[in-house]
Structure formats: C-alpha cells, structure tokens
Amino acid sequence: MTDSKYFTTTKKGEIFELKAELNSDKKEKKKEAVKKVIASMTVGKDVSALFPDVVNCMQTDNLELKKLVYLYLMNYAKSQPDMAIMAVNTFVKDCEDPNPLIRALAVRTMGCIRVDKITEYLCEPLRKCLKDEDPYVRKTAAVCVAKLHDINAQLVEDQGFLDTLKDLISDSNPMVVANAVAALSEIAESHPSSNLLDLNPQSINKLLTALNECTEWGQIFILDCLANYTPKDDREAQSICERVTPRLSHANSAVVLSAVKVLMKFMEMLSKDLDYYGTLLKKLAPPLVTLLSAEPELQYVALRNINLIVQKRPEILKHEMKVFFVKYNDPIYVKLEKLDIMIRLASQANIAQVLAELKEYATEVDVDFVRKAVRAIGRCAIKVEQSAERCVSTLLDLIQTKVNYVVQEAIVVIKDIFRKYPNKYESVIATLCENLDSLDEPEARAAMIWIVGEYAERIDNADELLESFLEGFHDESTQVQLQLLTAIVKLFLKKPTETQELVQQVLSLATQDSDNPDLRDRGYIYWRLLSTDPVAAKEVVLAEKPLISEETDLIEPTLLDELICYIGTLASVYHKPPSAFVEGGRGVVHKSLPPRTASSESTESPETAPAGAPPGEQLDVIPTQGDLLGDLLNLDLGPPVSGPPLATSSVQMGAVDLLGGGLDSLIGAPNFVAPPAATVPANLGAPMGSGLSDLFDLTSGVGTLSGSYVAPKAVWLPAMKAKGLEISGTFTRQVGSISMDLQLTNKALQVMTDFAIQFNRNSFGLAPAAPLQVHAPLSPNQTVEISLPLNTVGSVMKMEPLNNLQVAVKNNIDVFYFSTLYPLHILFVEDGKMDRQMFLATWKDIPNENEAQFQIRDCPLNAEAVSSRLQSSNIFTVAKRNVEGQDMLYQSLKLTNGIWVLAELRVQPGNPSFTDLELSLKCRAPEVSQHVYQAYETILKN
Amino acid sequence: MAGAPDSSLGCGSVCGAVSRDRASLPAFRSFFPAGRKGEKMIHSLFLINCSGDIFLEKHWKSVVSQSVCDYFFEAQEKAVDVENVPPVISTPHHYLISIYRDKLFFVSVIQTEVPPLFVIEFLHRVADTFQDYFGECSEAAIKDNVVIVYELLEEMLDNGFPLATESNILKELIKPPTILRSVVNSITGSSNVGDTLPTGQLSNIPWRRAGVKYTNNEAYFDVVEEIDAIIDKSGSTVFAEIQGVIDACIKLSGMPDLSLSFMNPRLLDDVSFHPCIRFKRWESERVLSFIPPDGNFRLISYRVSSQNLVAIPVYVKHSISFKENSSCGRFDITIGPKQNMGKTIEGITVTVHMPKVVLNMNLTPTQGSYTFDPVTKVLTWDVGKITPQKLPSLKGLVNLQSGAPKPEENPSLNIQFKIQQLAISGLKVNRLDMYGEKYKPFKGVKYVTKAGKFQVRT
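Because the structure is a prediction, the values reported are computed rather than measured.

Q: Any chance you could break down the overall build of chain A for me, citing the residues and the numbers?
A: The secondary structure content of chain A amounts to 38 helices and 13 strands. Across the 942 residues in chain A, those meeting the buried criterion constitute 60%. The long-range share in chain A, meaning contacts at least 24 apart out of those at least 6 apart in sequence, stands at 68%. A total of about 36,300 Å² of accessible surface is found on chain A, and carbon and sulfur atoms cover 51% of it.

Here you go:
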C-alpha cells in the first residue's frame, strides 16, 4: 500500500468528500483524510477551503496527525488569518508539553505562521522556549526569533529577544550556538546598522570552539560570520586561519568554500614573508581541486569562485592546470568555465599543453564551445608573448579544416594578434585571403577587411578583394560598412594611382546612398580630408595605432577584492557585488579586504601600494594586474557615481594618524574652541567631519574669492596607453569647492561615448561629487573641457605618496587607469586661520620631533607679497614679527580632514642677495609636511 | 554571394550563443523588489520529471506559484540536453538553483543572497535521503511515499536552516517505509513518526544514536578508487588522477571508538573527512580515529593526482576513418591490458558518441556484444573481461549519410572497467583497532578499482 492511493479521486467533488472524512469520528479515517489533503497540497492543488476541518483535527495526541495538521497550517494560515487564530490555543498548550519534540514542533510551526495576530500570542511561549532546559527546543526557538523578526521586527526588539539570542552565543551546546549565529546573521542582514553581531576576540573564540563541534550546516553559518570579522592584527588573523584550515578537509563542499573565503580574506593581513603565508597557500590548492570532482552543479559554482581566486592569487593554482582540462561529457556550463580558467592560468611554462588542449577542443561538436576555444587560442597569443608564434600556427591549422565557424573565429582573433604584434605575422595573410568567400558573419568579415586595409601594401590584389566586398555594400551590417570604408581609404592612401575609382565609389556609397548617420559622417570626413589635405589625411588615417591591452577580461581590482569577500555566495557566481542585487542599496554594506596591519606596514608598503608613483614623477599608468591592491572602485555599477560613498567602511587603519584632530571639525568649525592638541580617537568621524567643514566653507566663505593657485594642465593619460583617449588635467579650489579640470581628447578613429570616472580610495577621501558629464559623444580628434566637482567624503586609505590619486576612466571602448599627484593646497580650507593664542599653545604642544625645516630658494618676494599670495590659497598669516631685520610670518592652515598645520616662515626683505625663504612646519601628522612645503613652493613660485 | 538565408542563419547561431550565455550569466539588474526582508535560504522546492511535469512542490514560507518554473523550462529548452541546464538561473524576483539527479530535477526557489553550494549540497542530501528511505530516488517512489516525503522535507529544513540531515537521526524521527510496517500500521493504527527526541540530535556526536545493539558485530571497509583520465590520440596520458573513497559499513554495538591505520598514509595528502573523524589525530599521526555512525557511510574521500602514481590499466588501439566523398568509413578498436598489476580487468564497456552523419554501423566483435542507437548515435560495446591471449577487438564499416561532408571531429571513447582486489594507488589498510567496547568485532577490507571519467581521444 502506498501513498499514491491518496491521489485517486472520485467523480463526486473531491473537496466535498474530504470534508466528510475529516469530520469522521474514526481516528484512522481522519488521519487518512489529512494525508489525502497533504497529497493534494504536494501537487499544488488548492485545498485551503478545508481549513476549519483540518484545524479541527489538531487536538490530538497522535504525533503524526499533529505534524500533518501543522504542515497544512503552515501552508495556508496566511490566507486564512481569522481561522488561524483558532489554532492558537493548541499551540500555546503544546509549548508546555512535557515532550521536548512537541514543544519544539509547536514553537517552530507558530513561527512559520505569518499572521500578525498569532505573533502576539507567540511571545510568551517563545520566551520560555529560548530558556528551555532541552537544547533541541532552544535551538528551534533561536531560529524562531529570526522568523518573528521577519514578521515584526519592532516586536522582537521590544520584547528583548535579541538580547536573549545574543546570550545563546555562549550556550553550552554547539548546535544552539550555530543556530543563534545563523539567526543573528539573518537579522543583522536586514539591519546592517545594528551592532548585533558584536564580534570581538572573546566571541570569536567561542565561535571557533563551536566550529569544531557543530554540524556541517552550523559550520557554514559560523564561517560566514567569521568572514565578517576584521582581526586586530596579523597575529590574530593567523591564529584564526590556523583554526579554520581543518575545515578545508570537510566532505561538505559548502563548508570548504566558506573556509576558503575566511582564509582568502584574512590572508590579506599576513605578510608574504611569513612562513605561514606560504603554508596557507599550499593548503588552499587541494581542497579547491577536490571540489572539481564533485557533482557538475557543485563544480560550476566552484569554478566560478576559482575564477576569482585565480585572479586574486594566481600562485595558489598555478601548478594545477591539468585539472581544468575539459572532459567531453562535462556539461557545457562546466566546459566554458574551465576554459576561462585555463586561459587565466596559461603561462610560458604550460602553454604547450594548453595549446594542445585548445586545439583538441576546437574539433569538438558543440559550436559554442568550439568558438570559445578558438578565441582562447587568440587570448593565449596575446597573453603569453613567447607562445604567439605557436598560437598563430595552431590557428592556421584550424583554418585549414575549413569548418566555417572555426575559420571565422580564427580570423577575428588573428586580427587581434596583428594589433598586439604588428609586423610579425603578416606572412599568414595569404592563407586568410583564401577563405574570404566563406566568411558570412559580420565580425569575421569586418576583421578580414581590416586586415586587408591595414596591410594593403603587401597584398597585391587588395583592391580586387575590397572591390568584391563593395558589390553588396548595402546588404552588409554597419560594422562591415564602416570597416570597408576605412579600409578602402587606407588602400587609396597607400596606392593612390590604381584605386582612385574605388575610393570615389565607396565615398559616394557611404555619403549619398546610406541612411546611417555614422557611416555618412565618416564618409564626409574622409572625403574632406582627402580633398583638402592628403598629407594630413595620411597622418590621421595611417597613424600608428596603440597596441591592444593584454588582459581586457580581468575583473577590476576593487570589484575583485569585494567579490573575494563574497566567495561562495550568489555574488561570486554572477561576479557582481550584492549591491547590484538589492535595489536602493538598502541593507548593503560594502565589504572590503582588511588592510595590512600597522606592525608590518613599514616593510610591506611597496606591496600595499604598488601603483604609487615615485615623488616628483607626475605620471604613472597603473598596471592592470590582478594583484594590485589599490582599490579602484569598480565601474560596472550603473551610474558612475551615486552620491558620496557610504562612510561605514571608509576609514582604514593606515590612515589613523592622518586624521588626527578630526573631532575639531565635528564640534563645528564656526564655534571652534577646542585646541587640536586634544588627542582624539580619530578614526571615528573624520570623513563626516570634513564634510561638515566643507558645508561651512560654502556658506561662510572666509577665504578670498580669487581662489587658489591653479597649475597648468598636464597630460595624465597619454593616448598611447588608453586606446586613443588622451586626458590632461589639473586641480582647482575656488570658494571652498574643489574640482578637477579635465581635458579629454579623442585621438582614436572611433567615436567615444559613455564616459565615467571613479577614484580609488585615497588619503583624503577625494571623490567625484557628480558623475562625469560628457554630453555629446566625443568624435575623433575632438576635445572637450570638463570641470568635475570633487568632495572629500569618499573612502579613505593612506596612499604612497600621500597625495597620490588613482583614477579609473571608462568609456565605450575600455577602462583605463592612471594615477596623478594632486597639489595639497586644494585641500586647504577657508577657515584655516587660527587664533593667536591658540597658535602659540598649539605650537608648544606639538612635539619638536614633528617639526620639519625646508628652504624655498630664489623667491624674491617681500613679506606682504608672500602673505597675500599664500592667503589666496588659504594659508593664513596669524602674526608677523620683525626679528633682527628679518620678517617672521606665523601661519596656519587646515586640511579638509581637520588636520592643522602651523608654519613659521622667515623672509629677508630688502636683501637682494639673499632670496631664500626658510620654512618650519609643525603638524601632528608630520607626513603631510613634505607636501605642504611643496604647496608653498608651487604657490610662491607661480 | 552572401545570400540572405545564409547570413540570417549565421546570425541565428550567434544569437543562440549569446542568449545561452545570458542564461547562465544574466545581464545584471536588480533582482529583488525593494523592501523585501531577508528570507533566507530555500523558499520552495519543486520536483520535475524529464517530461517537464511538476509532480511535487513544497513551500517553507508562503506559496510560490508554479509559474516560476517557466523560467526553468525556458532554460531547459535552450540547453537542449538535460545535463546542460545551468544550475543557477535568475528570474525577475527569484533565483532558481537546481540539481539533476536520477532523471529528476530538484528546483529550489531562492529569494536572497545565499551560498549556492549550501543549497546544492542540501538538495543532494535530500535526494540521498529519498534514495536511503525508498531504495530509489524516482518519481514513482516519491509519489508512493508523498506523506513521508513531506514529513522529511519539513524535518530537514526549518526557516532555511537545515535541521536534521543525518540519516540516523531522520530515521528515528520518521521511520522508513517497509512492506511489513505499512501492513502493521494499517492494522494497529500506529504511525511511522517517532515520538521521542532522537538521541544523537544534540550530542557532540550527532551522527550516532545511543543504544545500538547487534548480535554479530561487524565492520567492513570498501576502498573504491576511480581513475579519471584523458588519453590522447597517440596513447599518452594528458591527464590522470585517482578519486578514491573509503565507504564503511559498521554494525557495532554501543559506542565503539575505532582507529584505522594505513601502510602508506603518505599517499593521502588531499582528503575530505566525514565529520566523525578527529582531524588533530590525523594531522599528527596519520591515523583515522573516529566513533562511527551506525550503518553505511562514507568515511573519507581522497584524490591522488601526482602523475607517476596513477597507473593506466588499459590501452586502446584505434583507427577510425571516414573517406572523403564516400558514404562509408572504417572503425577498428582493440583493447589490451597495460599496468594492471597482474589482476584481471573485467566489466569493460566502451561507449562512443558517433558523429551525427553516421547512419549505421556494421561491426564484428571478437568477444562481447555491441549495439548502435541510430537516434542518439551512441555505440556501446559490452566487452566483458580481457584475456591477454586474445585481445578483444571490434571492427567493421560505418555507413554515413550520403552526400553529407565527412565529419570533422573524431569521436572520443569512454571506457568503463573494474579491477577487483586492487587499489590502483597502492593504498593499503594496515589495521583496525577498537576501543571503548569489550567484544571482538569481525573486520573486513575490500579493494576495487574502476574507471571514472576515462576517455580516449581518437
């Protein structure tokens, strides 16, 4: 006898019959009837009409019947709230039952009934169950708090359940601890501001102990909770890692991946010189590889995560290439992921193996996979220079197969190889030309036409080839038309005598017979260029093209760092931060990897800021390697900048001493009384404080209207390094507002659109206050001037040098990174004039070792001129003295983050032979002195 | 010459590629309506059979309409093969995380950020439990036991937190169906629901119940190793590793504390353990020390990957060729023993997915029998065991669709085999000691090596 009998029905109204049976006197019949109801439920039939009849069966001492009724209640209580209330009494009674199983069942079911009226009755039983003597009941009750919170958060807080739940973290039973942690994490997720999971070394220790004892699922909750903790130093990080590593050998893959997350995150704090660091790296590889022998669904999730891990720390899996080799019966989603990782791991050492594999894949059956494999060969060529030749010959072999889509993909990637290694592999052009006729996909046709145009001088019959395309010009896609136009113009410039007719033909096709504005515009431009100044035309059209960048497919470093914090979650599968998942950013705190601790900072600084330009050098293009710690905010997130970034995660340890005196500005600049002497827990409110003073600056405008010194624009990003986009710029400060004046020039042949800009975290929290607005698309050779307003409420991270700013600019073509140094005086605020008495007191109070001496050479200005020039850049003269014929100026200035700098400037008037100024600076954060001195020099000398 | 039908064809396949990519990696948008609170974990579960019928649904929160599965069906249609349905699918309001097991899809509905592995592991655990309870995880078995299924699902998950997933505990809470019990139940009116709290549920050894009693105390260990390998055309090994497991069947009374040691524990450097194993002891002494669960369970799984340790027990000589401009080809494969450590290789099966243009095959095996399915184009050759005196071979003609171009790709051969009494890695159990109980148990170890994903490229 099986349950399938419950599905059979008679013709005569099923519900009607069930109703009769439910109300039967016979116990057995009742139970059978409830089973039939449940069976209907399992196939999605609506049996809610039987609600009162089923609830009537609830009062029973038969546990199975009770369970079944509870099952039914959970499904339908929401739709029958008035009826559900009928069940309350039984619930309350069951919560007192001597059998812990029944107590737990009752409190569990009550929590699942999402009806407000019931929740009121739930509070008392729940309170009792949270303190129940039986751990099974306690752990069920812990989960129930989370359920109740979901229905009525206020009620849970008012009733003090959150505190009880926190107490359960110290429970003697590890399962109770795990459930309490799970419940608290869930509640904390919907209340990101609350300080629910107050993690400190003691509670962490408790969690680590519970980790060893609780079930696999509990371990996942605990590990995920641990991952949110930031250890206070590298030693603590190491000790947590040591206790987490045994989890890597767990049979449950979710436990393994959660442990990997904790380790990847805390590793960030460990010095690479440490022996333990190397041990940890070694320990991480086997479990990751083991995940690949699991079921395909698990493999898929694992591979998506490994893709991130390989980008962040390629050294972990660099010897494990072979496990990513594709088996022919892997599901396609696994195959594609493996391929992606293979390319990431490709290096000179293993390229031969990789290529042999890729070639094998290129003859498989699945078209998608074959295409990706061919593309992968091209990516290898671009990534591993030494292999380029072999890749090209592999591609040629593939072209010989004449399989249509293989040939087309191969031609597309060969075009990229030409772009990367110009004048190296042109010998293959002949082979490519043989396949001209078989190309039917626009991308392949366009690639082929590009090749013909680019190398027209080496292809004897280039004109014939291009002419053959011209026949069906109007049937081609825009991509092909544009390429054909350019290619023929190139051809004409290279072989003007034979191709005059052809170029006229294509120009007329493009300008007169086409409806496409892009095509017409380009046609006209060429036409005019050719007719007015053929020499200029040659310079423009045949200009040397920037090389294509090596790895365009890497995830941006900041996004990568954030995603590393989300290993194992959906975010890691989609490679998007959870903020992309939740509308309005509600409840989303950006996670970031912990910074390295102060103790190891001195030795580690070259690594923590690898992108830092040496002082004095204005330009440095950031290498696009994955191990760049500099957090360039990701550009993928919809609108480029949406208001100031959240302040929650913004303050980093490294910046603490920089923020000294942050409290001053908190107190309020107008009534400024407190001397900066007070040592302040600076990491509390500095960004907010500076925001306040910024506001104040705007309203009061103490500073002069003229605004501070503006340096001439310098080239920040040369076109060579940004696929034709040239950026030059400078910084200005006027009436309290900072801006970045940019000049964007399009030196490419392609229209640029969709500009966006983001800054990496920097020492003073500089951030764009508005999106970068380039209103019209930027046509080739066009230049626009933009003034981008900045604020100082962005995330803070100490940079090396201090005034280093890393910028990412995006357009429709790619993302580019550059870094620049900003003059510190743009951060001098308008209310930087200190009271005389205060000045004296502060000067004395700052220890002498914080004093720095500088000389400003060859500055033939008198004290008045110096003073007024400095004042226009918000360096204020507090007092002036004449000592032995020398003018001593006592000056003060304040930075946007509330740091005061005091200065003594010695000027020798009327002595033409002695024009050097002597400057002494005193500041609580002495590292700014050097930059303040540079600001003095720039202001006084220009 | 680029005629309209041609180019539109090309375009179609490009679009196909793009949209499939999108199914697994959707263009991002906001997935959840604003203001929805954190509803953790699995919201609902749908069981779907291969013909696309939803035959069971279970909701842990409110009821979610079956129509959410339409997104799944859409993805399934795109994927063509059932195995290729992406395991994570996003829909405007939910995520669907699914597994494919025993010809059934387990589709779970998720509403918030959640670790997908957690869900996938849990779903596999559900399938394992069904297997354990009903002897098979099939639509018929689930439908026949729908009430137990419902009770199990309720017991396994509470508000998204897995509650009891250990089979020992579940079996105390909900008794598995047996023919005898259902007869007894219907006569006596007793139920299949346990009415006391399972003893293991909250102890520090949740995997073992108290008060276990056997008249014959026995402990058996099966060391099962599977060779995953890719062999290239020329017969050299592209990739090979061993996936090993030790499955245990422990029927011991009381609370036995076991120690299992190996002759060569150094082989095991990449191991996953059952929670019962004391990790510290393994780290320091390389001994597996544990209080076992009662009954069948997987003690450890391990991986041996260093190339020189992985012996390849068989070789295949092959010659598959298709003639240009002719509708036939030749097929000839021979299997022989290689590094088989002197043991007999048995249970050999060769499976080949032939190219689509193959119409039929006319072959002669020297031993065993072969079948060719002209619809799926799968050739299966059931070889049996290898006798070194006369190597098994299969040769003959391949008929191709006339006029079709000769196939570009050469098929890969998938090989299955079995070697009894051998762990190919050389792993050997040294001894098993028992503490904590007085009786003398009967102990046994069995070794077997099998082919895992063993592929030969031609």
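Q: Could you give an account of the overall build of chain B, with specific residues and numbers?
A: When helices and strands are counted, chain B shows 8 helices and 23 strands. Counting all 458 residues of chain B, 54% fall into the buried class. In chain B, the proportion of contacts linking residues at least 24 apart, taken out of those at least 6 apart, comes to 69%. For chain B, the computed accessible surface area is about 19,300 Å², with 52% contributed by carbon and sulfur atoms.

Q: Give a description of the sheet that holds strand β4 (residues 756-759) of chain A that names residues and reports values.
A: All names here are of chain A. Spatially, β4-β7-β8 is the arrangement adopted by the 3 strands of the open sheet, whose pairing is antiparallel. A single partner strand is all that each edge strand has here, and the edge strands are β4 and β8 (815-821). The mean angle between the axes of side-by-side strands here comes to 25°, regardless of whether they run parallel or antiparallel. Examined bridge by bridge, β4 and strand β7 (residues 804-810) share 4 bridges and lie antiparallel to one another. Paired with F759 across the strands is V807, a residue of β7.

Q: I'd like a description of helix α20 (residues 351-361) of chain A, backed by residues and values.
A: When we look at burial in α20(A), the residues that qualify are I351(A), V354(A), L355(A), E357(A), L358(A), E360(A) and Y361(A). At its buried positions, α20(A) is contacted by α19 (332-345), α21 (367-383) and α22 (388-400) of chain A together with β9 (237-251) of chain B.

Q: Would you mind going over the nonpolar core in detail, with residue names and values included?
A: Residue and element names in this part refer to chain B. F106 and F130 are the most contacted members of the largest nonpolar core, which totals 280 residues. Aside from chain neighbours lying at most four places away, what touches F106 is L45, F46, L47, I97, S98, I99, R101, L123, V126, A127, F130 and C137. Membership of the second largest hydrophobic core comes to 75 residues, among which are A219, I231, L299 and L413.

Q: Lay out the confidence of the model for chain B in plain terms, naming residues and giving numbers.
A: Residues and elements named next belong to chain B. Across chain B, the average pLDDT comes to 82, with 85% of residues at or above 70. Contacts from residues 1-39, a stretch scored under 50 in pLDDT, to residues over four places away or in other chains number 69 contacts. Note on the complex model: pTM 0.67, ipTM 0.78.

Q: Hey, could you go over a negative patch on the surface for me, with residue numbers and the actual values?
A: Residues and elements named next belong to chain A. Side chains of E464, E467, E471 and E501 sit close together on the surface and give a patch of like negative charge. Its place among the elements puts E464 in helix α26 (residues 462-470). Judged by relative accessible area, E464 falls into the exposed class, the value being 52%.

Q: An account of the sheet that holds strand β14 (residues 314-322) of chain B is needed here, citing residue identities and associated values.
A: Residue and element names in this part refer to chain B. Across the sheet, 4 strands lie side by side as β14-β15-β20-β17; this open sheet has antiparallel pairing. Taken across any chain shown, the strands that pair with only one partner, and hence form the sheet edges, are β14 and β17 (358-365). Neighbour-to-neighbour, the strand axes of this sheet turn through a mean angle of 15°, independent of strand direction.

Q: Residue-level account of the confidence of the model for chain A, with values.
A: All names here are of chain A. Taken residue by residue, chain A gives an average pLDDT of 79. The fraction at 70 or more is 84%. Low confidence marks residues 582-587, where pLDDT is under 50. Its contacts with residues over four positions away, or in another chain, come to 8 contacts. In this model residues 598-706 is a low-confidence stretch, pLDDT under 50, and it forms 209 contacts with partners more than four residues away in sequence or in other chains.

Q: Please give an account of the side chain of Q299(A) that cites residues and values.
A: With respect to the secondary-structure elements, Q299(A) resides in helix α18 (residues 296-312). Every residue in contact with Q299(A), bar those within four places of it in the chain, is listed here: L291(A), L292(A), A294(A), V334(A) and K338(A).

Q: Now, about the environment of I250(B): what can you tell me, with residues and values included?
A: Residue and element names in this part refer to chain B. Within the secondary structure, I250 sits in strand β9. Residue I250 is classed as buried on the basis of its relative accessible area, which comes to 0%. Put simply, I250 and D294 are 44 residues apart on the chain and 5.9 Å apart in space, counted from C-alpha to C-alpha. Residues within four places of I250 in sequence aside, it is in contact with E218, A219, F221, L258, P292, P293, D294, G295 and F297.

Q: A description of the packing of aromatic side chains should follow, citing residues and the corresponding values.
A: Residue and element names in this part refer to chain A. Enumeration over the complete set of coordinates arrives at 28 aromatic pairs over all chains. Taking the centre distance of 5.1 Å and the plane angle of 40° together, the rings of Y70 and F91 count as tilted. Of the two residues, Y70 is situated in helix α4 (residues 63-76) and F91 in helix α6 (residues 88-94); the sequence distance between them amounts to 21 residues. Residue class for Y70 comes out buried when judged on its relative accessible area of 1%. Overall, the relative accessible area of 0% leaves F91 in the buried class. Ring plane angle 75° and centroid distance 6.1 Å describe the contact between F839 and Y890, whose orientation is recorded as edge-to-face. With F839 in helix α36 (residues 836-845) and Y890 in strand β11 (residues 886-894), this residue pair connects regions lying 51 residues apart in the sequence.

Q: Lay out unusual backbone geometry in plain terms, naming residues and giving numbers.
A: The omega torsion of the bond from E800(A) to P801(A) falls at -5°, within 30 degrees of zero and hence cis. By the element assignment, P801(A) lies in the loop between β6 (783-791) and β7. At K103(B), a position not held by glycine, the phi torsion is positive, near 65°. Along the polypeptide, K103(B) turns up in the loop between β4 (95-101) and β5 (104-110).

Q: Got a sec to walk through the pattern of salt bridges? Specific residues and values, please.
A: For the structure shown, the criterion picks out 62 salt bridges over all chains. Close ionic contact of D831(A) with K894(A) constitutes a salt bridge, the shortest N to O distance being 3.5 Å. With a gap of 63 residues between them, D831(A) in the loop between β8 and α36 and K894(A) in strand β11 connect regions that are remote in the sequence. The same class applies to D831(A) and to K894(A), which are both buried. With its nearest N and O atoms 2.9 Å apart, the salt bridge here joins E864(A) to K880(A). Remark: K880(A) occurs in strand β10 (residues 876-883) and E864(A) occurs in helix α37 (residues 863-871); sequence separation between them is 16 residues. For K880(A), a relative accessible area of 40% translates into the label partly exposed. Each of K67(A), R108(A), K147(A), K58(B), E154(B), E155(B) and D158(B) takes part in salt bridges that share partners, so that together they form one network.

Q: Residue-level account of the pairing of β14(B), with values.
A: All names here are of chain B. In the sheet, β14 pairs with strand β15 (residues 328-337) via 9 bridges, with the strands oriented antiparallel. Within β15, the residue paired with F322 across the bridge is G329. The turn linking β14 back onto β15 is made up of 5 residues, and N325 within it adopts a positive phi angle of 55°.

Q: Give a description of the environment of G295(B) that names residues and reports values.
A: All names here are of chain B. Looking at the element boundaries, G295 is found in strand β13 (residues 295-304). Since its relative accessible area comes to 14%, G295 is described here as buried. Along the backbone, G295 and K251 are 44 residues apart, and their C-alpha atoms lie at a distance of 5.8 Å. Ignoring sequence-local partners within four residues, the contact set of G295 consists of A248, C249 and I250.

Q: How would you explain the packing of α26(A) against helix α27 (residues 478-494) of chain A if you had to name every residue and give the values?
A: All names here are of chain A. α27 packs onto α26 with a crossing angle of 155° between their chain directions and a minimal axis gap of 11 Å. The orientation of α26 relative to α27 falls into the category roughly antiparallel. For the crossing formed where α26 meets α27, the hand is left-handed. Judged by residue contacts, A462, D463, L466, F469 and L470 of α26 engage L484, A487, I488 and L491 from α27. Classifying every residue of the contact of α26 with α27 by side-chain character gives 8 nonpolar, no polar and 1 charged.

Q: Describe the side chain of S867(A), naming the residues involved and giving the relevant values.
A: Looking at where S867(A) falls in the secondary structure, it is placed in helix α37. When sequence neighbours within four positions are dropped, the list of residues in contact with S867(A) reads T877(A) and L889(A).

Q: Summarise the pairing of strand β23 (residues 442-456) of chain B; cite the residues concerned and give the values.
A: Residues and elements named next belong to chain B. Taken together, the 13 bridges between strand β8 (residues 218-231) and β23 define a ladder with parallel strand orientation. Residue pairing for β23: Y220 is matched across the bridge by G444. Looking at chain direction, strand β21 (residues 413-420) and β23 are connected through 5 bridges and run antiparallel. When the bridges of β23 are listed, I419 appears paired with T449.

Rules used throughout
- Residues numbered from 1 in each chain as written.
- Chains lettered and ligands numbered in written order.
- Predicted model: local features only at pLDDT ≥ 70, side-chain atom pairs only at ≥ 80, totals over all residues.
- Heavy atoms only, no water.
- Helix = DSSP H or I, 4+ residues; strand = E, 2+ residues; numbered from the N terminus.
- Buried < 20%, exposed > 50% of the residue type's maximum accessible area, 1.4 Å probe, protein only.
- Contact = heavy atoms within 4.5 Å.
- Areas by Shrake-Rupley, 256 points an atom, 1.4 Å probe, with all protein chains shown as cover.
- Pairing = 2+ DSSP bridges.
- Axes fitted to C-alpha atoms, helices over the stretch in contact; angles between N-to-C directions.
- Core = buried A, V, L, I, M, F, W, Y, C linked by side-chain atoms within 4.5 Å.
- pLDDT = per-residue confidence, 0-100.
- Patch = residues over 30% accessible without salt bridge, like charges linked within 9 Å, V, L, I, M, F, W, Y side chains within 5 Å.
- Salt bridge = Lys/Arg side-chain N within 4 Å of Asp/Glu carboxyl O.
- Lys, Arg positive; Asp, Glu negative; His and termini not counted.
- Charge placed at Lys NZ, Arg CZ, Asp CG, Glu CD.
- Phe/Tyr/Trp six-rings, centres within 6.5 Å; stacked < 30°, edge-to-face > 60°.
- Parallel < 35°, antiparallel > 145°, perpendicular 65-115°, else oblique.
- Left-handed = near helix turned anticlockwise from the far one by under 90°.
- Nonpolar A, V, L, I, M, F, W, Y, C, P; charged D, E, K, R; others polar.

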